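Examination of the molecular architecture
The lines below spell out each chain.
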Amino acid sequence: MRSRSSTVSGFTLVELMVSMAILIIIIGIMVAATDQAGQLARRTTGKIEQFQEARHGFEKMTRRLSEATLNTYWDYYDVNNKVRDSINYKDFTPVNYGRQSELRFRSGSMTKLLGTADSSVYRPTHGIFFQAPVGEVEDRPPVVTPQSNQDKQMLDETLNTWGFFLEIASDKEFIPPFLVGLQKERIRSRMLELRQSTETLNIYKETAYAGNPDPMKWFTKPLLLKAGQSTPRPVRILAENVVALIMLPRLSQNDERLRTKSNKAPLSLDYEYDSTATKSDPEINPKNQLPPVVQVVMVAVDEISARRLIDRNPGAKDLGVKTDDLFTDSRLLEDNAKTTEPGDGDLHTLETRLLDQHATYRIFSTNVAIRGAKWSKAQTK
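Let me begin by describing the structure that accompanies this report. (Residues numbered from 1 in each chain as written. Predicted model: local features only at pLDDT ≥ 70, side-chain atom pairs only at ≥ 80, totals over all residues. Heavy atoms only, no water.)

1. Concerning the pattern of salt bridges
For clarity, the cut-off: Each reported salt bridge corresponds to a side-chain nitrogen of Lys or Arg within 4 Å of a carboxyl oxygen of Asp or Glu. Per the convention used, a helix needs a DSSP run of H or I reaching at least four residues, while a strand needs a run of E reaching at least two, with both numbered from the N terminus. Classification of residues uses two cut-offs on accessible area relative to the type maximum, computed with a 1.4 Å probe and protein chains only: under 20% is buried, over 50% is exposed, and between them is partly exposed.
Applying the stated criterion across every chain yields a total of 22 salt bridges. Between Arg307 and Glu303 there is a salt bridge, and its shortest N-O distance comes to 3.2 Å. Pair noted here: Arg307 and Glu303 are both in helix α6 (residues 303-312), with a separation of four residues, about one helical turn. With relative accessibility at 17%, the residue Glu303 sits in the buried group. Close ionic contact of Arg331 with Asp329 constitutes a salt bridge, the shortest N to O distance being 2.9 Å. Classification of Asp329 as buried rests on a relative accessible area of 16%. Overlapping salt bridges bring together Arg186, Arg188, Arg190, Glu240, Glu303 and Arg307 as one network.

2. Things to note about the layout of surface pockets
Using a probe with the size of a water molecule, rolled over the atoms, empty space left in the structure can be pinpointed. Our working rule: The definitions used throughout rest on a 1 Å grid laid over the protein atoms alone, on which a cavity is an enclosed set of points accommodating a 1.4 Å probe that cannot get out and a pocket is an open set flanked by protein within 12 Å on both sides along at least five of seven lines; lining residues are those having an atom within 4 Å of a point. Grid points are joined across faces, edges and corners, and a volume is the space filled by probe spheres set on the points. Each residue gets one of three labels, nonpolar for Ala, Val, Leu, Ile, Met, Phe, Trp, Tyr, Cys and Pro, charged for Asp, Glu, Lys and Arg, and polar for the others, Gly among them.
There is about 630 Å³ of room inside the largest pocket. What lines the largest pocket is a set of 23 residues, and nearest its centre among them are Arg250, Thr260, Pro266, Ser330 and Arg331. Of all the secondary-structure elements, those providing two or more residues to the lining of the largest pocket are β8 (242-250) and α5 (253-261). Taken together, the residues of the lining of the largest pocket sort by class into nine nonpolar, five polar and nine charged.

3. Some details on the side chain of Ser330
Formally: Any pair of N or O atoms that falls within 3.5 Å is considered a polar contact. Within protein, one atom must be able to donate a hydrogen and the other to accept it, and sequence-neighbouring residues count only if both atoms are side-chain atoms. Any pair of residues with heavy atoms lying within 4.5 Å of one another is described as a contacting pair.
Mapping Ser330 onto the fold places it in the loop between α6 and α7 (346-356). Of note is the side chain of Ser330, whose polar atom sits 2.8 Å from the backbone oxygen of Ser268. For Ser330, the contacting residues outside a window of four places in its chain are Leu248, Pro266, Ser268, Leu269 and Tyr271.

4. Description of α7
Our working definition: The arc in question is the one spanned by the directions pointing from the helix axis to the C-beta atoms.
Listed as buried for α7 are Asp346, Leu347, Leu350 and Leu354. For α7, the buried positions fall inside an angular range of 100° around the axis, keeping them on one side. In α7, the exposed residues that point more than 90 degrees away from the buried face are Leu355 and Asp356. Buried residues in α7 make contact with β8, β10 (293-301) and β11 (361-369). Phi turns positive one or two residues past the end of α7, at His358, with a value near 60°.

5. What about the nonpolar core?
Applied cut-off: Only buried Ala, Val, Leu, Ile, Met, Phe, Trp, Tyr and Cys residues count toward a nonpolar core, and they belong to the same one when joined by side-chain atoms within 4.5 Å.
Core analysis: the biggest nonpolar cluster contains 51 residues, and Met61, Phe105, Phe129, Phe130, Met191, Leu245 and Val296 have the highest contact counts within it. At five residues, the largest contribution of residues to this core is made by helix α1 (residues 13-65). With near-sequence residues (within four places) excluded, Val296 lies in contact with Phe58, Met61, Thr62, Leu65, Leu245, Ile246, Met247, Phe364, Ser365, Thr366 and Val368.

6. A few points about the sheet that holds β11
The condition is simple: Strands qualify as paired when DSSP identifies two bridges or more between them. A fitted line through C-alpha atoms represents every axis, and for helices the fit uses only the stretch in contact; the resulting angles, taken between N-to-C directions, go from 0 to 180 degrees.
Spatially, β8-β10-β11 is the arrangement adopted by the three strands of the open sheet, whose pairing is antiparallel. Sheet topology places β8 and β11 at the edges, where each strand pairs with a single neighbour. Pairs of neighbouring strands in the sheet enclose a mean axial angle of 10°, with direction left out of account. In this sheet, β10 lies alongside β8 in antiparallel orientation, the contact comprising eight bridges. Looking at β10, one finds that Leu245 is bridged to Met298.

7. Thoughts on the environment of Met61
For Met61, the position within the fold is in helix α1. The class of Met61 is buried, set by a relative accessible area of 0%. The spatial distance from the C-alpha of Met61 to the C-alpha of Met191 is 9.9 Å, given a sequence separation of 130 residues. Those residues in contact with Met61 that lie beyond four places of it in its chain are Phe164, Met191, Leu238, Leu245, Met247 and Val296.

8. Here we look at the sheet that holds strand β7 (residues 235-240)
Reading across the sheet, the six strands line up as β7-β6-β5-β4-β3-β9 and stay open at both edges, with antiparallel pairing between neighbours. Pairing within the sheet leaves two strands with one partner each, and these edge strands are β7 and β9 (273-274). Bridging between strand β4 (residues 126-132) and strand β5 (residues 160-170) involves five bridges; their strand directions are antiparallel. Opposite Ile128, over in β5, you have Phe164 as the bridge partner.

This is the structure we're talking about:
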């Protein structure tokens, strides 16, 4: 009888080695992909957190700007269009009636507002300064009784001077005392917030109404205080790595449409706005008036891009961003009227320059309606 034998086949040593090699390669590819995904997630999370800080600063700024006030009232002017003040009150002869205010609203190029006397500090693009009934005080009374609640409410409605602007400078001023000598100074580009408390409010004594010939000293004096003085600057950091801040005072949408149809100039052709100025066109006369709307645009970069700009442009006051030739004509903010291509205005130019520097950036933009604005087209003085 013939017996049937069965043969059992297996893997050879070469096949096992090849399989192990392929498995090792696959595991290596998976580990590398996982590591890359983790790095990308960490970088993305870091950028989101950094731009989240910029967004919070942007929202704080726009919220405060909406509270601006001039607290206007009506009183007499003399034949020279002067108001009664501490100097001419004895010889003042009223002639006509008009809108008046001791408060101020000022915006425009920081180079024009403050000049460039301090070479260690560069203030690019725009700034804006105003009064608001915020009630920011240095020593707030404790809330104990109903009477103190009433006092607190009254303090919450008192005036403060507020402002927003950019500075590119050493961060020495903002290094905590216990870290001086331990933390290395760095060049930073920051959006700063000027906050003058009710106790130190100087608007009533630093204006032309009080006989002061410098019409902007009410905000330039506290802003230009030097670090290390007995009285520190009333500023704080609102957002890091901000490279551009644009403030454009505007009329209502309907009023702007009517002026455009009539080929008339916008409210602010050069981004400047001064509530003490008088223009011949009563429809855009800012004299003691707040602009109905302010378009606010902020451009921020992430921390890695900020470091790259500093390293690639050593000694450059503007970190190589170059905004000096931008944002001087409000008609060119988003579109250049001289070309037929849409979206090729100053913002597009700035984006191109940031991309050339391989910078990661975000643009924040909104139209802020100022609640206290009561725009009048019939004002001639």
